[in-house]
Amino acid sequence: MMDLITRAKIDPKDIAAIGITNQRETTILWDKDSGLPVYNAIVWQCRRTSSIVDSLKNDGLGEYITKTTGLVPDAYFSGTKIKWILDNVKGTREKAKKGEILFGTVDTWLIWKLTGGKSFVTDFTNASRTMIFDIHKLDWDDKLLNALDIPRAMLPDVRPSGSIFGYANIQGAEIPIAGNAGDQQAALFGQCCFEKGSVKCTYGTGCFLLMNTGTEAVDSKNGLLTTIAAGFDKKVQYALEGSVFTGGAVIQWLRDEMRIITDSADSEYFAGKVADTGGVYLVPAFTGLGAPYWDMYARGCIIGITRGTKRSHIVRAAQESIAYQVMDLLRAMERDLDITMTKMKVDGGASRDKFLMQFQADICSAAIIRPKVTETTALGAAYLSGITVGFWKDIKEIKSCEQSDFVFEPSIDTNRREKLVSGWHKAVERSRNWAE
């Protein structure tokens, strides 16, 4: 933080507030006295707790988990990661029962550190991603805590996203931490999706499609999640969410592991060198499949390869796989709400890729709206904290700041679209239930 302040050439006393946004489900346990982690953070993509999830389902808790938390039972979420650390790091559960070991997602850890250990808090959006939080009662759920043997004493206080979470002392300036939200809810807020029915998709390591559903917690029948949207009081708004585990990460895989490209930006160039994938599909189920499939045991595959398959075909198939997965989420959302989506706001690093955004418009038959500021996750955290301290008057003032950069319109015919989608779904079926 001091490096940022120095490079920006600002006085800490001129900072109105700090906003935090974070990877949500990533799990950290640390010692309250020493402030040191008891184990490495377990990130959201980790599959090591799949067997714990299977045990919960075998015990008949699957439906209860979905009804209470809005989530499906999956290793994606924090609850089973907490249990794994308590089970595998000697002495932690006993200390946790005494409140000597603390749990937090990354936001809680950052606030703890920024406030010198004075604030042990999280917000509703991050709590709603743990699989141990009741999104209706807005409290930790004792039945799930008991099932996972997680002591309540180790859990943080939960507050609205627009709240004073504590104060960071920076060179004598007491700066309020006034906004805190999980990355996808922050992006929803940053995209000014304040009204019921507004939707955005963030393209990062994964891809995340969220729709604001207002005060109604919509129960999905098509594999989507019910979660809490960022807000300012205990009368929360909800969102319907679809999660793609491997979005931009498939391009990183081409670069780092396969060495097919040398820079992520090269993917757009190679994808544009061929008219299509030559019948090749790449399903990037590297850590299983998220919504709407929720298959922890799916694994990645490349199918349709012939002797004529070139590097450009595989790169294009990887690019298209991101759009296909988002399309699956959009279609699931349409079925849940009995609507047709004609437009979608986008953000995140990969939204700068013109090829990907055009293919997304084509395959979804919807207008794709890209804002001038694509880092809307950070923007949402700034908006939340700014409103809380009065830097901005209200969401109406923020809405007036919204600016679009480009709108991608669909350009392929229905028959072509249906043929491509059919091939994608055949490829997905080949990848499913592969690992044991």
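In this text the structure is predicted, and so the values were computed from the model without any measurement.

This brings us to the sheet that holds strand β8 (residues 166–170). The strands making up a sheet are joined through hydrogen bonds of the backbone, oriented either antiparallel or parallel. Spatial strand order, β1-β9-β8: three strands in an open sheet with mixed pairing. The sheet is open, and its two borders are formed by β1 (18–22) and β8, each paired with just one other strand. Adjacent strand axes in the sheet meet at a mean angle of 40 degrees when their direction is disregarded. On the sheet, helix α6 (residues 106–114) packs against β1, β8 and β9 (173–182) and is oriented at approximately 145 degrees with respect to β1. Packing of helix α9 (residues 183–190) onto the sheet brings it into contact with β1 and β9, and relative to β9 it is tilted by some 95 degrees.

Position of S385 among the secondary structure elements: in helix α14 (residues 376–388). In contact with S385, not counting residues within four places along its chain, are A17, I18, G19, A178 and G179.

This next bit is on the pairing of strand β12 (residues 225–228). Burial along β12 is two-sided: L225 and T227 and T226 and I228, pointing in opposite directions, are all buried. Sheet topology places β12 next to strand β13 (residues 238–244); four bridges connect them, and they run antiparallel. Its bridge partner being in β13, T227 is matched across the sheet by A239.

Quick look at the pattern of salt bridges now. Applying the stated criterion across every chain yields a total of 26 salt bridges. Across the salt bridge formed by D295 and R432, the nearest N and O atoms sit 3.4 Å from each other. Taken together, the residues D295 in the loop between β14 (281–283) and β15 (301–303) and R432 in the segment after α16 (414–431) connect sequence positions 137 residues apart. Given the relative accessible area of 7%, D295 is considered buried. Two residues, E402 and K345, come together in a salt bridge whose shortest N-O distance is 2.6 Å.

With respect to burial, strand β11 (residues 207–214) is a largely interior element, eight of its eight residues being buried. Burial along β11 is two-sided: the face carrying C207, L209, M211 and T213 and the face carrying F208, L210, N212 and G214 are both buried. Where strand β10 (residues 199–203) lies against β11, five bridges are found, and the strand directions are antiparallel. Bridged to C201 within β11 is L209. Counted between consecutive antiparallel strands, the loop separating β10 from β11 contains three residues. Note: β11 against β13, seven bridges, orientation antiparallel. For L209, the partnering residue across the bridge sits in β13 and is G242.

Definitions and cut-offs
- Residues numbered from 1 in each chain as written.
- Predicted model: local features only at pLDDT ≥ 70, side-chain atom pairs only at ≥ 80, totals over all residues.
- Heavy atoms only, no water.
- Pairing = 2+ DSSP bridges.
- Helix = DSSP H or I, 4+ residues; strand = E, 2+ residues; numbered from the N terminus.
- Axes fitted to C-alpha atoms, helices over the stretch in contact; angles between N-to-C directions.
- Contact = heavy atoms within 4.5 Å.
- Buried < 20%, exposed > 50% of the residue type's maximum accessible area, 1.4 Å probe, protein only.
- Salt bridge = Lys/Arg side-chain N within 4 Å of Asp/Glu carboxyl O.

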